[in-house]
Amino acid sequence: MTDKQYITGSCSILGNEVIKNGSTVFRQQEASVQTFLASVYGYTGANYPRFYKMDNLCKLGWLATEILLAQTFDAKAYAPEEIGLVFSNRSSSLDTDIKYYDTVKTMASPALFVYTLPNIVMGEICIRHQFKGENDFFIFDDFNAVFIHDYVTHLFNSGALKACICGWVELLDDAYRACLYLVEARQNNSALPFTIENINQIYQKTHG
């Protein structure tokens, strides 16, 4: 049983801005969602052709995770089964569902159909990083820090996980927001106790 967990990093993406651990690391003015996400991908320096096949929700969550973990997370300290993801949002995969439905009127697009489940974003992240732990995606009207805190704490205390990426990944049309944070049982110099108050503070500081 783990007695205490810590938030060892955070990343938010909204309003054409990327914020890591409270500081802006990338900003782009007056860009469409598609253009902005492509620019953030360029900022990461990643060489991952699979990115271009993803829908926008997957790109958003994938990019937030990529920036969250960069120069912060030592995945080798854990077994792949000890690293999990717990995500949530409001609109599920509706952005892609609508686009897929439009193609059904002529010829249904298999490329879009692949992304008509919200948890596919976690699958793309796990493929990238080879994470094999608990994966859960929940739908709420609004960001629910109490539920996320209690659920993730249970996963740690039950021994299911030793590290978890969790938070909010929402995208519908031109509105988007990612707010992810890394939870571990170990501390670093900037670690915060994994509390409902600290979770809400991270989210509210970047409230779009």
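One can find the structure itself at the top, above this paragraph.
Numbering of residues starts from 1 in each chain and follows the order in which that chain's sequence is written. Restriction of local features to residues with pLDDT of at least 70 applies here, the model being predicted, together with a cutoff of 80 or more for giving and counting side-chain atom pairs; totals for whole chains, interfaces and linings are based on all residues. Hydrogens and waters are ignored; side-chain quantities use all the structure's heavy atoms.

Planes of paired rings set the category: under 30 degrees apart is stacked, over 60 is edge-to-face and the rest tilted, where pairs are Phe, Tyr or Trp rings (Trp by its six-membered ring) whose centres lie within 6.5 Å. By the definition in use, this model includes 21 aromatic pairs. With a centroid separation of 5.8 Å and 15° between ring planes, the pair formed by Phe73 and Tyr78 is classed as stacked. Assessed through its relative accessible area of 10%, Tyr78 is described here as buried. Ring centres 5.1 Å apart and planes at 70° place the aromatic pair Phe138 and Tyr151 in the edge-to-face group. Here the residue Phe138 occupies a position in strand 5 (residues 135-139), and Tyr151 occupies one in helix 6 (residues 145-157), the gap between them amounting to 13 residues. Working definition: with a 1.4 Å probe on protein chains only, accessible area under 20% of the residue-type maximum means buried, over 50% means exposed, and in between means partly exposed. On the basis of relative accessible area, Tyr151 is assigned to the partly exposed category, the value being 22%. The lysine or arginine in question, Arg128, covers the ring of Tyr48, its NZ or CZ lying 4.9 Å from the ring centre. Directly above the aromatic system of Tyr203 lies the positively charged group of Arg177, at a separation of 3.7 Å from the ring centroid. Comment: elements are numbered from the N terminus, with helices defined as DSSP H or I runs of at least four residues and strands as E runs of at least two. In our convention, an over-ring charge means Lys NZ or Arg CZ found within 6 Å of a ring centre and within 35 degrees of that ring's normal.

Tracing the sequence through the fold places Gln201 in helix 7 (residues 196-205). Owing to a relative accessible area of 35%, Gln201 belongs among the partly exposed residues under this scheme. A sequence separation of 56 residues divides Gln201 from Ala145, and the C-alpha atoms of the two residues are 10.0 Å apart.

What follows deals with the packing of helix 6 against helix 7. Fitting a line to C-alpha atoms yields each axis, with helices limited to the stretch in contact; the angle taken between N-to-C directions then spans 0 to 180 degrees. Closest axis-to-axis distance for the helix 6/helix 7 pair is 9 Å, and the angle between their directions is 130°. Classified by the interaxial angle, the pair formed by helix 6 and helix 7 is oblique. When you trace helix 6 past helix 7, the crossing you get is right-handed. The segment helix 6 lies against helix 7, with Ala145, Val146 and His149 engaging Ile196, Ile199 and Asn200. When residues are grouped by polarity, Ala, Val, Leu, Ile, Met, Phe, Trp, Tyr, Cys and Pro land in nonpolar, Asp, Glu, Lys and Arg in charged, and all others, Gly among them, in polar. Its residues assigned to classes, the contact of helix 6 with helix 7 shows four nonpolar, two polar and no charged. Should an angle lie under 35 degrees it is considered roughly parallel, over 145 roughly antiparallel, and from 65 to 115 roughly perpendicular; all remaining angles are considered oblique. By definition, turning the near helix anticlockwise from the far helix through less than a right angle yields a left-handed crossing, and turning it clockwise yields a right-handed one. Two residues qualify as a contact provided that any one of their heavy atoms is within 4.5 Å of a heavy atom in the partner residue.

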